[in-house]
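Coordinate inspection notes
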There are 2 protein chains.
Amino acid sequence: MLRQLLSAAMLTASVISINLQANEIPESKGNAKWVDPFIGTGGDGHLFPGAVVPFGMVQLSPDTDNPMRGESPQPEIYKRCAGYHYDDHTIMGFSHTHFSGTGHSDLGDLLITPITGEVKRDPGTLMDPDSGYRSRFSHDREWASPGFYAVDLLDYNVRAELTATARVGVHRYHFNGQDKGHVLLDLTSAIYNFKHKVLWSDIRQIDAHTLVAYRSTNGWAENRPMYFAIQFSKPIDQIEFINEDDKRYRCMDCLGNKKHSTIENTAVKRAAGKALKVVTSFTGLEDSPLLVKVGLSAVSRKNALLNLETEVPHWDFDKVREQAQLEWNNYLNKVDVEGTRVQRRQFYTALYHALQAPNIYQDVNGQYLGLDGEIHDGKGFEHYTLFSLWDTYRALHPLLTYIAPERVSSMIQSMLVHYQQSYEKMLPIWSFHGHETWTMIGYHAVSVISDAYLKGFRDFDVALAKEAILSTSNNPIYDAIPEYKQFGYVPFDVIPESVSITLEYAYDDFAIARFFEALGDSRLAKTYYARAMNYKNVFDKNSGFVRGKDSKGNWESDFNPLEAKYMGSFTEGNAKQYSFYVPHDVAGLIELMGGDDQFESRLDALFDTHLSDEMIKEHEDIAGLIGNYAHGNEPSHHIAYLYNYAGKPWRTQERIRQIMDTLSSDKPDGLAGNDDVGQMSAWYLFSAMGFYPVAPGDLSYAIGAPQVKKASVQLANGKQFTILAPSLSNQNKYIGAVKLNGKSLLRSYITHEDIMQGGVIEFSMTDRPNKQWGNAPKNRPISLSQGE
Amino acid sequence: MLRQLLSAAMLTASVISINLQANEIPESKGNAKWVDPFIGTGGDGHLFPGAVVPFGMVQLSPDTDNPMRGESPQPEIYKRCAGYHYDDHTIMGFSHTHFSGTGHSDLGDLLITPITGEVKRDPGTLMDPDSGYRSRFSHDREWASPGFYAVDLLDYNVRAELTATARVGVHRYHFNGQDKGHVLLDLTSAIYNFKHKVLWSDIRQIDAHTLVAYRSTNGWAENRPMYFAIQFSKPIDQIEFINEDDKRYRCMDCLGNKKHSTIENTAVKRAAGKALKVVTSFTGLEDSPLLVKVGLSAVSRKNALLNLETEVPHWDFDKVREQAQLEWNNYLNKVDVEGTRVQRRQFYTALYHALQAPNIYQDVNGQYLGLDGEIHDGKGFEHYTLFSLWDTYRALHPLLTYIAPERVSSMIQSMLVHYQQSYEKMLPIWSFHGHETWTMIGYHAVSVISDAYLKGFRDFDVALAKEAILSTSNNPIYDAIPEYKQFGYVPFDVIPESVSITLEYAYDDFAIARFFEALGDSRLAKTYYARAMNYKNVFDKNSGFVRGKDSKGNWESDFNPLEAKYMGSFTEGNAKQYSFYVPHDVAGLIELMGGDDQFESRLDALFDTHLSDEMIKEHEDIAGLIGNYAHGNEPSHHIAYLYNYAGKPWRTQERIRQIMDTLSSDKPDGLAGNDDVGQMSAWYLFSAMGFYPVAPGDLSYAIGAPQVKKASVQLANGKQFTILAPSLSNQNKYIGAVKLNGKSLLRSYITHEDIMQGGVIEFSMTDRPNKQWGNAPKNRPISLSQGE
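To start, this report covers the structure provided alongside it. Since this is a predicted model, take the numbers as computed values, not measurements. (Residues numbered from 1 in each chain as written. Chains lettered and ligands numbered in written order. Predicted model: local features only at pLDDT ≥ 70, side-chain atom pairs only at ≥ 80, totals over all residues. Heavy atoms only, no water.)

Residues and elements named next belong to chain A. Applying the stated criterion across every chain yields a total of 92 salt bridges over all chains. Across the pair K277 and D122 runs a salt bridge, and its minimum N-O distance is 2.9 Å. Residue K277 is found in strand β16 (residues 276-282), and its partner D122 is found in the loop between β4 (111-115) and β5 (135-136); the two are separated by 155 residues along the sequence. Salt-bridge contacts for K466 lead to D521; the nearest nitrogen and oxygen are separated by 3.6 Å. Linking K466 in helix α12 (residues 462-473) with D521 in the loop between α14 (498-519) and α15 (522-532), this pair joins segments that are 55 residues apart in sequence. According to the relative accessible area criterion, K466 is partly exposed, its value standing at 30%. Accessibility expressed as a relative area gives 17% for D521, which makes it buried. Overlapping salt bridges, with partners in common, bring together D597, E600, D604, D608, K648, R651, E654 and R655 in one network. (Salt bridge = Lys/Arg side-chain N within 4 Å of Asp/Glu carboxyl O. Helix = DSSP H or I, 4+ residues; strand = E, 2+ residues; numbered from the N terminus. Buried < 20%, exposed > 50% of the residue type's maximum accessible area, 1.4 Å probe, protein only.)

The following block contains the structure:
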């Protein structure tokens, strides 16, 4: 919901005197009205409140600070992964690209901000806003809804409004009766900024209203180009180009103030260098707002202009905003949720955050910048970027097969052309903007492809997918695949994070096996099913934990199951957590751990063991703890569902409620860690509806416990799948019984087929566990070693 | 001719012991055998001796040193504008792009050099070659001919041979019985290098034989990209990637020596950064040479590979060399010259240097990088770059209409697309590699277009040419065109070099008038004919010189006609020289100067006034002096021919011989200044044949005096134009009489028509002036104010 409503009372009480001429903030329609983009902008959510359309290339959002790497403490930098942090009280300006919920960062392309009065050229500091062009703001006078953001910049008495299309950001600045104003463009600003991050940039005025610009930055993605077409609704009255370069080379140097007889340093409205800023000045602002449209392209200035002119050929801000809201509602209205106001705020905001990425990364003429650095034509599919696969293969991509099915094949095709363009012949690992960052482990793209293929998505090059999967999972130069194949595990003396890698390879191999099985290639299916059992090779029966093993077969001697040190044998986790990472063969894992009761105790030990503060401090990037369960880290995401596999689904039901109650809220700091490009939100959405994809590619979902009274999903085949839990309450958190389309459902899982055939699944919720339901072995979710 | 022949005697006496297994240096055929690419590589010629084809994109040539800007004295840097200087005794390696004869520099892309034994990573210094990878060499063991260069790298006992196609450089390294060798690729090396010149670069091995690379430099052209495909004839045995970056960002930093579990820092054969070097190592070199092929592209890695595979799909070095020589002879054999051995060496070498540029700047698939930074398709014409127009409009472009007529329309079309892609809507001034440097003054592209159009070259977009000429010559933001149009001259209080600019605009306006006259647009022709008389507005009758005038009409008070200070009222010249810069209306100038005899005295005063050493020192970039006549600077190039206009052609005949005798030789330091991308060579060629285009666009040539006994030019229309001077000798430098196709020719000029109709012009040379020939007013070259 709009924050305007929340803070209506405070508005009148505001001590800041604003001559409010700007139009009123419009109310949202449809389910968009439940979305609060500020959820997750505080704490470690790393979400941004700005204006986007679903999967848009542009994320136009305020940046509250960008502490420089090498000059500022790492936590201060980490806090602003999304440019904005709810704790901050100043806004530097509005930039056009942002990651949604990542744990590392980049982007923040082309910061623009309106200014009145004295023009300061530097952003100044958070502590002393008057030292620069940044402005104070107040959450009381800040509004956001899907496709729209607005804020009053208090230092300038300017209201800034933002909206967007897929490839264009649109700004509207109300100068509130002031005749003169400026718009500053800072091409040096960037998220995770550092000295020399800008490799090169240029900007040029091409007519009275229009600028074109380029910059390449060297951040998480190296030498990442972005082109901009910037258009103002009023003619530029004055323009000043500022080049803060050392000017080592340019001839201007040698001349001092004397004008040389060339065009270069005189009349040309252009600058190029590594530290550019531009101040545009306007008059006649008192009566009507100034609009700025910014088209983006990774291909060329020409394409940036084309994107701009194609997507926003007019100056009707409200039309763009309404269209953006419409696009959001097309998705948000696909799910009809009944629940408390807070639940609906959380649910629709999670859905909103689940539809941020992968992002379109292609111009309206089809061209896009490929991983190989070449410009490709991209005919026949939409090209997407931003694959945070270690996170998103778990629940986000399975979710998109229901909510955004029309995009699934194009997303897969985008991964396949990535493979084609990859000199290493690898599917994406963690890629964005034509660059592979090689962040995190595994080869989880195979899970996304397998899950979608099994669900019937086949409008991509399947032969190429087969080739890409084989190449990736046997790649001799990636991580430790040769050793994995040789030893059946990754030895810790070869590479760090070896146990996590082994376990994740094994799951991925399961997904591959399923893919080949569906293709009818039983030989390859068999090979990968065998590889999928490799998890056993790192399970140390003596300690009862997965554990590092060296290439001679010796267990790692320096072993503490609670330890999660950087560059140890685990990634974002410890042995205690990773011991549960066998999503495709939980039955096999239960056997290794000594049976159902032992397994239950081990799960309880995970949730109930209090970690010492010292241990927490030592953990690298671990958040959202319940005991040793770390909801902020993806390796934990499936764990609460594992009680089902031991025939104790009521324990899962308890844990889901526990996580929901303690680790999520509808407040800015409501996320228990990074949203991780929608994965955390996707966990919430599945879990709130009552089921979760423990092992994508398996086509089944472990039933947890619905957290909303009703959720009805519109499916692409025209059918509707409705979850009902009318008796749900604070006390009634347990499943008494389940009916699927009127028939009693005894198993503690549902299948993709159950969902796609439509109908109603009705949960009778009670205040005490029904220990019979889902207890019988035949009613538990099925695991690989059970020979399904 | 090959230097091998010259130094045969010294070879045997060489004190350096070389185990010479490399094949013999082949003798050149056709007129290529007369070309000595070393002429002009010493002194201030700024020519390079490496391998090129006519107008090729690749100039593969040795770099003897690259003193760093900001660290080395400017003269040391200036000396190596072409990478190579004949004075130097070491070779750093062979890079793939070079300017031919420029007075400022850039390029030197991708330095490659063979190495044996210890691999040093830095080039080391000229004074201490052992401090780096550079090798000593000796001119005795160095050979060059059109399309071919070879040298023995004495420190490594390696003979390196180079040849080229338009877009591919081919190296052949003979390791002389050594089994192991290395090839170092230094992506940090550049001509006019300085710290941070490389904005970004990357290099990657894509198969056992092949690398692809990219780098962008920020030099004379800012952010200039170049892509490379590098292929070795033998598989790479070992490869080492060296990144000398500060590594501020890359994660490798934080890890120290510990291997992180990503592909990035382990097995991928790739590096990216600002300071890359690669060492490739090979074995099995003792029996056969190692070949390296390097394809270039300004568009993409893919195009670099395509250029490589298309132009040199094989490993036959000699075939490429022979093809290069064939292409040269196709041009060189168009002129049949008889004269002394020295004369033929000078003549064909000048012809060779006149055919270096403009360069092809387009890939085999038609794509090229435009001035607007966009990739263009370039269908229907060959796209050229490197327009040093202030120099080359004078004689080089008129020469190309005879020697390379098939390229003239494409060169003009290239200037027209430059205009189209120019945000300033300007024809090129001094442009290369998709960049306008805005170097020097005037808008001389119009002269090239007008001259060609009048000669019948019309296979370009004539309507666009009209638009481009009007836009350029009336451009409100270029230099001082508005003031020029307002005052009829450029006031010195508006812009420096104002007098030079006024005079050159006036000539250009004459060329434009001729163009519009030919188009039948008498209104525009009249306008520009009027503008062409603006030279009179800067002629101060009191002093008798052209002189700075301010916007109130006052002459510049601080006036010394001999002074040529930087940022004064003149460019590369002084008032004494520039007073003769009215090429299109010499008759009008003669009148201003007081008549024929006064004019002759003034010309003599120019040639005969000895400049004080102090004055010479003060002159900016002025070279090749006879008195105050500066042959090394283009504003003097037409001056010796002006005696004709005063009815005293025998004085011109004397001066031409004087210049030939004192300011040019067939030695490395044989040029009296920079060749300036062929302009100096074109002056030589016209003058040696006996005539010169004083005012291109005029279609007439002032007759000087032939310096060779015969020169016969094959014309595109199938006819032949032959200059004969059988009685020419050291004493017989004067024209006694002239016959054109058997009929007595009394006028001291010939026309384009005379040439194109073919036939024979025969000069009777004598040892004393014939003061009657060409003396009558009707027989003098015609000037604008004579109302032709």
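All names here are of chain B. Here H182 lies in strand β10 (residues 181-186). A relative accessible area of 16% means that H182 is categorised as buried. Separated by 3.5 Å, the side chain of H182 and the backbone oxygen of G117 make a polar contact. Side-chain polar atoms of H182 contact the side chain of S281, separated by 2.8 Å. Discounting residues that sit within four places of it in the chain, H182 has contacts with T113, P114, I115, T116, G117, V119, F175, V279, T280 and S281. (Polar contact = N/O pair within 3.5 Å; in protein donor to acceptor, adjacent residues only side chain to side chain. Contact = heavy atoms within 4.5 Å.)

Take the packing of aromatic side chains next. In this structure the tally under the stated criterion is 80 aromatic pairs over all chains. Between F38(A) and Y86(A), the ring centres sit 6.0 Å apart and the planes meet at 70 degrees, which makes this aromatic pair edge-to-face. Here the residue F38(A) occupies a position in the loop between α2 (8-13) and β1 (61-63), and Y86(A) occupies one in the loop between α3 (74-79) and β2 (90-91), the gap between them amounting to 48 residues. For the pair formed by F38(A) and Y86(A), the shared burial category is buried. Look at F55(B) and Y384(B): their rings are 6.5 Å apart centre to centre, the planes differ by 90 degrees, and that puts the pair in the edge-to-face class. Note that F55(B) is positioned in the loop between α2 (8-13) and β1 (61-63) and Y384(B) in strand β22 (residues 384-385), a separation of 329 residues in sequence. Overall, Y384(B) belongs to the buried group, its relative accessible area being 1%. Through a chain of ring-to-ring contacts, three or more aromatic side chains come together here, namely Y402(A), Y641(A), F686(A), F691(A), Y692(A), Y701(A) and F721(A). Cation over ring: K425(A) sits above Y419(A), and NZ or CZ is 5.3 Å from the ring centre. The ring of F545(A) carries the charged tip of R602(A) above its face, separated from the ring centre by 4.3 Å. (Phe/Tyr/Trp six-rings, centres within 6.5 Å; stacked < 30°, edge-to-face > 60°. Lys NZ or Arg CZ within 6 Å of the ring centre and 35° of its normal.)

Residues and elements named next belong to chain B. What the 3 strands build is an open sheet, ordered β30-β31-β36; its pairing is antiparallel. The open sheet is flanked by β30 (691-692) and β36 (749-751), the only strands paired with a single partner. Summarising the sheet, β30 and strand β31 (residues 700-703) pair through 2 bridges and their orientation is antiparallel. Note that in β31 the partner of Y692 across the bridge is A702. (Pairing = 2+ DSSP bridges.)

Residue and element names in this part refer to chain A. The N-to-C vectors of α14 and α15 enclose an angle of 160 degrees; their axes lie 7 Å apart at closest approach. Put simply, α14 runs roughly antiparallel to α15. In this structure, α14 meets α15 at a crossing whose hand is left-handed. Seen from α14, the contacting residues are A506, D509, F510, I512, A513, R514, F516 and E517; seen from α15, they are L524, A525, Y528, Y529, R531 and A532. Class assignment for the residues of the contact of α14 with α15 results in 10 nonpolar, no polar and 4 charged. (Axes fitted to C-alpha atoms, helices over the stretch in contact; angles between N-to-C directions. Parallel < 35°, antiparallel > 145°, perpendicular 65-115°, else oblique. Left-handed = near helix turned anticlockwise from the far one by under 90°. Nonpolar A, V, L, I, M, F, W, Y, C, P; charged D, E, K, R; others polar.)

Right, let's get into helix α10 (residues 405-421) of chain B. Across its 17 residues, α10(B) extends 25 Å between first and last C-alpha, which sits within 8% of the 24 Å expected from 1.5 Å per residue. In terms of burial, α10(B) is largely enclosed, as 15 of its 17 residues are buried. (Expected span 1.5 Å × (residues − 1).)

Residue and element names in this part refer to chain B. With respect to the secondary-structure elements, H584 resides in the loop between α16 (575-578) and α17 (586-593). At 2.9 Å, the side chain of H584 and the backbone oxygen of A532 are in polar contact. Setting aside residues up to four positions removed in sequence, H584 forms contacts with A506, Y507, F510, A532, Y535, A695, S783 and L784.

This part takes up the packing of helix α18 (residues 596-608) of chain B against helix α20 (residues 649-663) of chain B. All names here are of chain B. Following both chains from N to C, one finds α18 and α20 inclined at 10 degrees, their axes separated by 12 Å at the closest point. What the angle tells us is that α18 and α20 run roughly parallel. Along its contact with α18, which presents E600, D604, F607 and D608, the element α20 presents R651, R655, Q658 and I659. Partitioned by chemical class, the residues of the contact of α18 with α20 number 2 nonpolar, 1 polar and 5 charged.

Turning our attention to the sheet that holds strand β23 (residues 387-388) of chain B. By way of backbone hydrogen bonds, the strands of a sheet pair with one another, either parallel or antiparallel. Residues and elements named next belong to chain B. Taken in spatial order, the 3 strands make up an open sheet running β23-β24-β25, and their pairing is antiparallel. Strands with a single pairing partner mark the edges of an open sheet, and in this sheet they are β23 and β25 (435-436). Taken together, the 2 bridges between strand β24 (residues 430-432) and β25 define a ladder with antiparallel strand orientation. Within β25, the position partnered with F432 by the bridge is H435.

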